[in-house]
Amino acid sequence: MATQHLTDLSIHELHGLLTGGEVSSEEVTRAYLARIAQVDPRVKAYITVTEEQALEQAREADRRLREGRDITPLTGIPLGIKDNMCTRGVRTTCASRILENFVSPYTATVLEKIKRQGAVILGKLNLDEFAMGSSTENSAFFPTHNPWDLERIPGGSSGGSAAATAARLCAGALGSDTGGSIRQPASHCGVVGMKPTYGRVSRFGLVAFASSLDQIGPLARDVTDCAILLNAVSGYDPKDSTSVDREVPDYTRFLEKGLDGYTVGLPEEYFVEGLDPEVEALVREAISQLEKQGARVVKVSVPHMKYAVACYYIIAPAEASSNLARYDGVKYGFRARGYKDLMEMYKKTRSEGFGAEVKRRIMIGTYALSAGYYDAYYKKASRVRTLITRDFMKAFEKCDVLATPVAPTAAFRIGEKTEDPLQMYLSDIFTIATNLAGIPGISVPCGLTGEGLPVGLQLMAGHFEEHKALRAAYNLEQALGARTWPEV
Ligand code: GLN
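Residues numbered from 1 in each chain as written. Predicted model: local features only at pLDDT ≥ 70, side-chain atom pairs only at ≥ 80, totals over all residues. Heavy atoms only, no water.

Trainee: Which parts of the structure should I look at to understand the site of the ligand?
Mentor: Lining the immediate environment of the ligand, one finds 15 residues, of which Gly-179, Ser-181, Tyr-312, Arg-361 and Asp-428 sit closest. In this structure, an oxygen atom belonging to the ligand sits 2.6 Å away from a side-chain N or O atom of Tyr-312. At 3.4 Å from an oxygen atom of the ligand is found a side-chain nitrogen or oxygen belonging to Tyr-313. Relative to its unbound accessible surface of 290 Å², the ligand loses 100% to contact with the protein. Classifying every residue of the shell around the ligand by side-chain character gives five nonpolar, seven polar and three charged. (Near = heavy atom within 4 Å. Polar contact = N/O pair within 3.5 Å; in protein donor to acceptor, adjacent residues only side chain to side chain. Areas by Shrake-Rupley, 256 points an atom, 1.4 Å probe, with all protein chains shown as cover. Nonpolar A, V, L, I, M, F, W, Y, C, P; charged D, E, K, R; others polar.)

Written out as structure tokens, the structure reads:
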């Protein structure tokens, strides 16, 4: 089989070929490695490619496949990992100078899980430094390019994961989402991306940004692959006390055609000024497709959502400033040279090791938590967060899923928003409230703009109701039919 073709297949298609003995995992892995060598110099999705390990894992998967032992839907499937998940023996950089050469002594639970299931890990993917950003331009190493238009950003912060999945540089990927970092790049790159319910997936070994918001989730070429990856990473982990001990259903079981008896809520607060008319038209068309599949569409309201960005930019930086206090040149990674005393060592290390956006967040967060300001900022933001969560709970009394845009515009040009942090923050206006409420959200492709740029539809559901969002997403995907992939 032509190697180019192998990299175009979905996880479930590859699984059929692997278990049917038509192709080996080593062949598939070599096809991906060849494509990475050929295409990634333009896309720049990978920070580290782990070629040797990948081939070794592929050969082990092939043994399992031959012997018919412990075969799972991921056995022999090459995946990419956002470089903020710890891997023993391979560096975990978070796209930061401060962790440039950091090798974790342990591996993240999600990676232990997918490795046990026989997945092949191709390498570690680019992101905004410490997952702070919406464009992957905040990587300390290099920006990632959108495979649909190399002059544009892939979204962020899981820009490497989304771009690699779209450019067929991996069969699927894991990302993390604190305020939109899986869904927004998925939308901009035309792939499926899901942020699960807070607590659905273990965060053990995910380098912490904002611990009450962070969640790991899949980026995939279609909804079925997304469900397969979600199956693989979900579940309770004693090493993460915020993971929830609750049965994990087989999410692929819910991918059924037809939405009879389904109610889709349209929250009016998401269809507002600033939403690009072309994006809005594609999103509304997608919603009418859901209606054609049998869903009933109702108007709902989440009135406090208008405070979500302000609320997030207190809570996330506050948690970040405390999480990032550990990078002081003593225990991890980088230490500056040429200091006179301990205090100067701290200062130089942090000044040289962190990029501008990370410093901005640390300053905002430290300010918001400081004595005398805590009540005015952090406490107030926490209260607003509760109001936002209640709004969602109320909305879900009237509907199964909420349908909204993912991002106000399609992918913007590299450099377009780097001088204006506020504009950058507003690219997450539609994704942030989901994290504040802890509910699941998926971005599913709903078409291309006139310029040929992908746009996603966001579907949100109640806590632990991933299956509802997946089912609606699956129906949209089926209704829209065959998709094209970017030539790159
Ligand atoms: N863009 C948002 C931020 O910069 C969200 C990032 C994320 O989800 N990790 O904080």
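So that's the structure; there's more coming.
Trainee: What's the story with the nonpolar core in this structure? I'm lost.
Mentor: In a soluble, globular protein the nonpolar side chains are often hidden away together inside. Residues Ile-114, Phe-130, Phe-392, Leu-457, Leu-459 and Leu-470 are the most contacted members of the largest nonpolar core, which totals 150 residues. The dominant element in this core, judged by the number of residues it contributes, is helix H10 (residues 308-323), at ten residues. Every residue in contact with Leu-459, bar those within four places of it in the chain, is listed here: Leu-290, Val-401, Leu-402, Ala-403, Pro-440, Gly-441, Ile-442, Val-444, Ala-469, Ala-472 and Ala-473. (Core = buried A, V, L, I, M, F, W, Y, C linked by side-chain atoms within 4.5 Å. Buried < 20%, exposed > 50% of the residue type's maximum accessible area, 1.4 Å probe, protein only. Helix = DSSP H or I, 4+ residues; strand = E, 2+ residues; numbered from the N terminus. Contact = heavy atoms within 4.5 Å.)

Trainee: For this particular structure, what's the right way to read unusual backbone geometry?
Mentor: Backbone phi values are negative for most residues with the exception of glycine, while trans is the configuration of most peptide bonds. In this model, Gly-156 is joined to Ser-157 through a cis peptide bond whose omega is 10°. Along the polypeptide, Ser-157 turns up in the loop between strand S3 (120-125) and helix H6 (159-166). With a phi angle near 70°, Ala-131 is a residue other than glycine that sits in the positive phi range. For Ala-131, the location among the structural elements is in the loop between S3 and H6. Unusually for a residue other than glycine, Arg-168 sits at a positive phi of about 60°.

Trainee: Just checking my understanding: could you explain the packing of H10 against helix H13 (residues 375-395) for this structure?
Mentor: A packed helix pair is summarised by two numbers, namely the angle formed by the two axes and the spacing between the axes. Axis separation between H10 and H13 bottoms out at 9 Å; the angle between their running directions is 125°. Considering the angle they form, H10 stands oblique to H13. In this structure, the crossing between H10 and H13 has a hand that is left-handed. Residue-level contacts link Ala-308, Cys-311, Ile-314, Ile-315, Ala-318 and Glu-319 of H10 to Tyr-377, Tyr-378, Ala-381, Ser-382, Val-384, Arg-385 and Ile-388 of H13. When the residues that make up the contact of H10 with H13 are grouped by side-chain class, the tally is ten nonpolar, one polar and two charged. (Axes fitted to C-alpha atoms, helices over the stretch in contact; angles between N-to-C directions. Parallel < 35°, antiparallel > 145°, perpendicular 65-115°, else oblique. Left-handed = near helix turned anticlockwise from the far one by under 90°.)

Trainee: Explain the packing of aromatic side chains to me, please; I cannot follow it from the model alone.
Mentor: What describes a pair of aromatic rings is the distance from one ring centre to the other and the angle between the planes of the rings. Tallying each qualifying case throughout the model produces 14 aromatic pairs. Aromatic rings pair up to connect Phe-102, Phe-130, Tyr-327, Tyr-332 and Phe-354 into one cluster. Lying over the aromatic face of Phe-142, Lys-44 brings its terminal NZ or CZ to 4.7 Å of the ring centre. A cation sits over an aromatic face here: Arg-284 above Phe-271, 4.4 Å from the ring centre. (Phe/Tyr/Trp six-rings, centres within 6.5 Å; stacked < 30°, edge-to-face > 60°. Lys NZ or Arg CZ within 6 Å of the ring centre and 35° of its normal.)

Trainee: Explain helix H12 (residues 356-369) to me, please; I cannot follow it from the model alone.
Mentor: An α-helical turn contains 3.6 residues, so any two residues separated by three or four positions project in the same direction. Between the first and last C-alpha of H12 there are 20 Å, a value that for 14 residues agrees with the 20 Å anticipated at 1.5 Å per step. Along H12, the positions that sit buried rather than exposed are Glu-357, Val-358, Arg-361, Ile-362, Gly-365 and Ala-368. Across the axial projection of H12, the buried residues extend over an arc of 135°, all falling on one side. Exposed and facing more than 90 degrees away from the buried side of H12 are Ala-356 and Met-363. On its buried side, H12 packs onto H10, helix H11 (342-353), H13 and helix H14 (421-426). (Expected span 1.5 Å × (residues − 1). Arc of directions from axis to C-beta.)

Trainee: Could you clarify how one ought to interpret the environment of Gly-265 in this entry?
Mentor: Looking at the element boundaries, Gly-265 is found in strand S7 (residues 263-267). Taking the C-alpha atoms as reference points, Gly-265 and Leu-402, separated by 137 residues in sequence, lie 4.6 Å from one another. With sequence-adjacent residues up to four places away left out, Gly-265 is seen in contact with Val-298, Val-300, Cys-399, Val-401, Leu-402 and Ala-403.

Trainee: Quick question: what am I supposed to make of the pattern of salt bridges here?
Mentor: Where side chains of opposite charge bring their charged atoms close, a pairing between them can arise. According to the stated counting rule, one finds 19 salt bridges in the structure shown. The partner of Arg-152 in a salt bridge is Glu-451, with the nearest N and O atoms 3.5 Å apart. On the criterion of sequence distance, the pair formed by Arg-152 in the loop between S3 and H6 and Glu-451 in the loop between strand S10 (441-448) and strand S11 (454-461) is long-range, its members being 299 residues apart. Overall, Arg-152 belongs to the buried group, its relative accessible area being 6%. Among the ionic pairs, Glu-477 bridges to Arg-483, the shortest N-O distance being 3.9 Å. Arg-483 sits in the partly exposed class, given a relative accessible area of 31%. Several salt bridges converge on common partners, so that one network encompasses Glu-60, Arg-63, Glu-67 and Arg-69. (Salt bridge = Lys/Arg side-chain N within 4 Å of Asp/Glu carboxyl O.)

Treat this as a map of the structure, not an account of what it does.
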